Amino acid sequence: MDESTPPPPEAGSPPPPPPAVPAAILGSPTDFLKGVVGKRVVVRLTSGVDYRGVLSCLDGYMNIALEQTEEHVNGRVTNQYGDAFIRGNNVLYISAAESI
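If you're wondering where the values come from, they're calculated on a predicted model, not measured in any experiment.

A. Spatial organisation of the overall build of the protein chain. Across its full length, the protein chain holds 2 helices and 5 strands. The N-to-C order of helical and strand elements in the protein chain reads α-α-β-β-β-β-β. When contacts within the protein chain are restricted to residue pairs at least 6 apart in sequence, long-range pairs at least 24 apart make up 38% of them. Within the structure as shown, the protein chain displays about 7,300 Å² of accessible surface, and the carbon and sulfur contribution to it stands at 56%.

B. Layout of the environment of Val-41. Residue position: Val-41 is located in strand S1 (residues 40-45). For the pair formed by Val-41 and Gly-53, sequence separation is 12 residues and the distance between their alpha carbons is 5.7 Å. The contacts of Val-41, once residues within four sequence positions are left out, are Val-36, Tyr-51, Arg-52, Gly-53, Leu-55, Leu-66, Ile-94, Ser-95, Ala-96 and Ala-97.

C. Highlighting the pairing of strand S3 (residues 64-73). Examined bridge by bridge, strand S2 (residues 50-58) and S3 share 7 bridges and lie antiparallel to one another. Looking at S3, one finds that Leu-55 is bridged to Leu-66. The hairpin formed by S2 and S3 contains 5 residues between the paired strands, and Met-62 there has a positive phi angle of roughly 65°. Of the pairings in the sheet, the one linking S3 to strand S4 (residues 76-86) comprises 9 bridges and is antiparallel in character. Residue pairing for S4: Glu-70 is matched across the bridge by Gln-80. What sits between the antiparallel neighbours S3 and S4 is a turn of 2 residues, in which Asn-74 has the positive phi angle 55°.

D. Quick peek at the pairing of S1. With 5 bridges connecting them, S1 and S2 associate as antiparallel partners. Within the sheet, the bridge partner assigned to Val-41 lies in S2 and is Gly-53. Note: S1 against strand S5 (residues 91-96), 5 bridges, orientation antiparallel. Bridged to Val-43 within S5 is Ile-94.

Procedures and definitions
- Residues numbered from 1 in each chain as written.
- Predicted model: local features only at pLDDT ≥ 70, side-chain atom pairs only at ≥ 80, totals over all residues.
- Heavy atoms only, no water.
- Helix = DSSP H or I, 4+ residues; strand = E, 2+ residues; numbered from the N terminus.
- Contact = heavy atoms within 4.5 Å.
- Areas by Shrake-Rupley, 256 points an atom, 1.4 Å probe, with all protein chains shown as cover.
- Pairing = 2+ DSSP bridges.

What follows is the structure in structure tokens.
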């Protein structure tokens, strides 16, 4: 082990915290949402159902339009839709399904 390699953690000790990332690098939620329009996303509803598709558009109420949409329940594809419209009050989160 050389000087640049940190020693291994002791057994039972908590893992070290992740390195701090300045907020300017992460951007705001609005920046994220603008960046994923036209890309594949995962939309999780408050019911636990996931919708995966291409984010066509969304508004200030988080109403979402998806294209090439798949509905996933308990990890399994249950339906496929060409276009899907999701009312914003049902949305728990939106996640990028590909790098942005």
